[in-house]
Amino acid sequence: AQSVTQPDIHITVSEGASLELRCNYSYGATPYLFWYVQSPGQGLQLLLKYFSGDTLGQGIKGFEAEFKRSQSSFNLRKPSVHWSDAAEYFCAVGAGNTPLVFGKGTRLSVIA
Amino acid sequence: GAGVSQSPSNKVTEKGKDVELRCDPISGHTALYWYRQSLGQGLEFLIYFQGNSAPDKSGLPSDRFSAERTGGSVSTLTIQRTQQEDSAVYLCASSLARGEQFFGPGTRLTVL
């Protein structure tokens, strides 16, 4: 069965610190992988996408994600977190033009 | 250009009433998706339209839920005889073939 696991429900980091949000997936075919961000009361904004090829996906706002096929992981990273990064982050997997399967999300809090 | 729009932004209804939620996708996008976001359940796929093909209704939770897409553009999600467990944020997304999905701001449905 297709599934996405985000093991961390809530993470708190200090502003300026590095960030890693974990995502593991189970998918039968070669997956298309996505990270979306959702601010309170807002819709989902695409942060980055990964289709194939390189192991690193580059996104907006300084985010990147590393694809590790052997670990079925697609972890999101940012070298230095800003207070405006506080939001809910969703990892999702699909097959290109199919409904996405989402993880439950990780809520990021940023403290001064 | 304009993004995905949804209306109404908020809907409060009484148990047993029917509701209609509207989605205007990005012009030219061939695929349209409906998802539901609720506490404890995360983001769940409901229904998917691709061009003129028959929709994929595999995610609809009951026969009280239906959706149509007119002229390959605007879509309406209808929930009949609403129940309190239908309370959620209903998100619409659209995409080009094999492209990333762009989400609307959602409709928050509250069933009293």
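The structure this text deals with has already been given above.
Analysis parameters
Residues numbered from 1 in each chain as written. Chains lettered and ligands numbered in written order. Predicted model: local features only at pLDDT ≥ 70, side-chain atom pairs only at ≥ 80, totals over all residues. Heavy atoms only, no water. Pairing = 2+ DSSP bridges. Helix = DSSP H or I, 4+ residues; strand = E, 2+ residues; numbered from the N terminus. Axes fitted to C-alpha atoms, helices over the stretch in contact; angles between N-to-C directions. Phe/Tyr/Trp six-rings, centres within 6.5 Å; stacked < 30°, edge-to-face > 60°. Buried < 20%, exposed > 50% of the residue type's maximum accessible area, 1.4 Å probe, protein only. Contact = heavy atoms within 4.5 Å. Buried area = accessible area lost by both parts, 1.4 Å probe. Salt bridge = Lys/Arg side-chain N within 4 Å of Asp/Glu carboxyl O. Polar contact = N/O pair within 3.5 Å; in protein donor to acceptor, adjacent residues only side chain to side chain. Nonpolar A, V, L, I, M, F, W, Y, C, P; charged D, E, K, R; others polar.

Enquirer: How would you sum up the sheet that holds strand S1 (residues 5-7) of chain B? Please name residues and give values.
Expert: All names here are of chain B. As summarised here, the arrangement of the four strands in space is S1-S3-S7-S6, forming an open sheet in which the pairing is antiparallel. The open sheet has two edge strands with one neighbour each: S1 and strand S6 (65-69). The sheet shows a mean angle of 15° between the axes of neighbouring strands, direction not considered. Note: S6 against strand S7 (residues 75-79), five bridges, orientation antiparallel.

Enquirer: Tell me about the packing of aromatic side chains, and name the residues and values.
Expert: If you walk through the whole model with that rule in mind, you get 14 aromatic pairs over all chains. With a centroid separation of 6.2 Å and an interplanar angle of 20°, the aromatic rings of Tyr33 of chain B and Tyr35 of chain B are classed as stacked. Residue classification places Tyr33 of chain B among the buried positions, given a relative accessible area of 0%. Each residue in the set Phe34, Tyr36, Phe90 and Phe102 of chain A together with Tyr33, Tyr35, Phe45, Tyr48 and Phe103 of chain B is aromatic and connected to the rest through ring pairs, giving one cluster.

Enquirer: Pulling in residues and values, what's your account of the interface of chain B and chain A?
Expert: When the parts of a complex come together, some accessible area is lost, and that lost area is often used as the size of the interface. Listed per partner, the contact involves 23 residues of chain B and 19 residues of chain A. Across the interface of chain B and chain A, roughly 1,600 Å² is buried in total on both sides, 51% from carbon and sulfur atoms. The residue Glu100 of chain B makes a salt bridge to Lys49 of chain A at a minimum N-O spacing of 2.9 Å. For the pair chain B and chain A, the interface holds five residue pairs in polar contact (both at pLDDT 80 or more). For the side of chain B that touches chain A, the secondary-structure elements that each account for two or more residues are strand S4 (31-38), strand S5 (42-50) and strand S8 (88-95) of chain B. Take the side of chain B that touches chain A: its biggest share by element is five residues, from S5 of chain B. Partitioning the side of chain B that touches chain A into residue classes produces eleven nonpolar, nine polar and three charged.

Enquirer: Can you break down the environment of Ala29 of chain A residue by residue, with the values?
Expert: All names here are of chain A. For Ala29, the location among the structural elements is in the loop between strand S4 (24-26) and strand S5 (32-38). The exposure class assigned to Ala29 is partly exposed, which follows from its relative accessible area of 46%. For the pair Ala29 and Gln2, spaced 27 residues apart in the sequence, the C-alpha separation amounts to 9.7 Å.

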